Amino acid sequence: MAAATPQDQPAYGGWQSVVQSLVAERGDALTRYAWLISGSPDDAADLVQDALVKTFGRLRNGFTVSSAEAYVRRAILNTWLDRGRRTTRWRRIAHLAAVPEAQESTAPATDSRIDLTAELARLSPRERACIVLRYYEDLKVDDIAEWLGISSGAVKRYLSNGLAKMAVSLSDEPGPAASTPQSTNPQGAIHVHRI
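All values reported here derive from a predicted model rather than from experimental measurement. Counting restarts for each chain, with residues numbered from 1 along the sequence as it is written. Side-chain atom pairs in this predicted model are given and counted only at pLDDT of 80 or more, local residue features only at pLDDT of at least 70, and totals for whole chains, interfaces and linings cover all residues. Here the side-chain values reflect all heavy atoms present in the structure, with hydrogen atoms and water set aside.

1. Some words on the overall build of the protein
Helix and strand definitions follow DSSP, with helices as H or I runs of at least four residues and strands as E runs of at least two, each counted in order from the N terminus. Along its length, the protein carries eight helices and zero strands. Counting from the amino terminus, helix and strand elements in the protein follow one another as α-α-α-α-α-α-α-α. Note on classification: 1.4 Å probe, protein chains only; a residue is buried when its accessible area is under 20% of the maximum for its type, exposed when over 50%, partly exposed between these limits. Buried positions account for 33% of the 195 residues belonging to the protein. Residue contacts are counted whenever heavy atoms from the two residues lie within 4.5 Å of one another. Across the protein, every contact between residues at least 6 apart in sequence was considered, and the portion connecting residues at least 24 apart equals 69%. Total accessible area on the protein stands at roughly 12600 Å², and carbon and sulfur atoms take up 54% of it. Only the protein chains shown count as cover for residues, and the accessible areas themselves come from Shrake-Rupley with a 1.4 Å probe.

2. Remarks on the side chain of S38
Within the element layout of this structure, S38 appears in helix α1 (residues 15-38). Residue class for S38 comes out buried when judged on its relative accessible area of 8%. Contacts of S38, omitting those with residues within four sequence positions, involve D43, A44, L47, W80 and R128.

3. Thoughts on the pattern of salt bridges
Should a side-chain nitrogen of Lys or Arg be within 4 Å of a carboxyl oxygen of Asp or Glu, the pair is scored as a salt bridge. Under the defined criterion, the tally for this structure stands at six salt bridges. Put simply, E119 and R122 hold a salt bridge, and the shortest N to O gap is 2.5 Å. Of this pair, E119 and R122 both sit in helix α5 (residues 108-122), three residues apart, which is roughly one turn of the helix. Judged by its relative accessible area of 55%, R122 is exposed. Note that D138 is salt-bridged to R134, the shortest N-O span being 3.8 Å. Its relative accessible area of 26% is what places R134 among the partly exposed residues. Overlapping salt bridges, with partners in common, bring together R26, E69, R73 and E137 in one network.

4. What to know about the confidence of the model for the protein
Residues with a pLDDT of 70 or more make up 62% of the protein, whose mean pLDDT is 74. Mean pLDDT across the elements of the protein ranges from a minimum in helix α4 (residues 88-93), with 64, to a maximum in helix α7 (residues 141-148), with 93. pLDDT measures the predictor's confidence residue by residue and takes values from 0 up to 100. In the model, residues 1-12 has pLDDT below 50 throughout and makes 14 contacts with residues more than four positions away in sequence or in other chains. Residue range residues 175-195 is modelled with pLDDT below 50. Its contacts to residues more than four positions away, or to other chains, number 20 contacts.

5. Here we look at unusual backbone geometry
The backbone of D138 shows a phi angle near 60°, a positive value even though the residue is not glycine. With respect to the secondary-structure elements, D138 resides in the loop between α6 (125-135) and α7.

6. Some remarks on the packing of aromatic side chains
Only Phe, Tyr and Trp rings are paired, with Trp represented by its six-membered ring, and only when their centres lie within 6.5 Å; those with planes under 30 degrees apart are stacked, over 60 edge-to-face, the remainder tilted. The tally for this structure, following the rule as stated, stands at zero aromatic pairs. Placement of a charge over a ring requires the Lys NZ or Arg CZ to be within 6 Å of the ring centre, with the centre-to-atom vector within 35 degrees of the ring normal. Here the guanidinium or amino end of R134 rests over the ring plane of Y135, the centre of that ring lying 5.6 Å away. We note R157 situated over the ring of Y158; from NZ or CZ to the ring centre the distance is 4.9 Å.

What follows is the structure in C-alpha cells.
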C-alpha cells in the first residue's frame with residue numbers, strides 16, 4: 001500500500017484548514033478551469049467562490065485537499081450549467097446588448113486565443129462544457145457523460161455540434177470556399193490547444 005502524500009492527508013484543524021490549503025495550492029488551477037467553463041474572468045472567480053460555499057457550506061470533515069478539489073470542480077461545472085439554463089432567454093437577446101470597443105492585438109497567438117474564446121462563448125452551455133471537459137480536462141466521452149448525467153451519445157452529439165460550429169467560424173478562408181476539401185487538413189481534424 002502506497003503512502004499518502006501530504007496533499008492527500010486530512011489537514012489538522014478541520015475543514016477550515018482544508019479550504020485554506022485548497023485555495024492556496026489549487027486556487028489558480030480552479031480559477032483557470034472556471035474561466036474555461038464560463039469564458040469570463042469575473043464569472044470564473046464567482047463560480048469558484050460559489051463552488052467553495054456549496055462544497056463547504058455545511059460543516060464537512062474528512063475531506064482531503066485532492067478530494068475537496070474534485071467536489072469543487074464538480075460544483076463549478078454544475079453551477080455553470082444551472083446558470084446556462086436560467087439565462088437561455090437572455091442568450092436569445094444578448095446580441096442586442098452594447099459591446100464596448102476593444103483595441104485589437106497584432107500578435108497572432110493572441111488573436112488565435114481571442115478567436116477560440118469568442119467561439120467558445122457562442123456555444124451552448126452543454127456544448128461548451130463537453131468541449132472543455134474533453135479537450136482541457138482530457139476526459140473520455142463516457143467520463144463526460146457520467147459527470148454531466150447524460151448519455152454518451154448526447155456527449156458525442158454536443159462535441160460534434162460544438163466542434164462543427166467552431167470549425168466553420170475558425171476556418172482560414174471565409175465564405176463558401178471554406179467548405180471545400182482544399183481548405184481543410186487531410187484528416188479533417190480540428191486542433192484544440194490547451195490554454
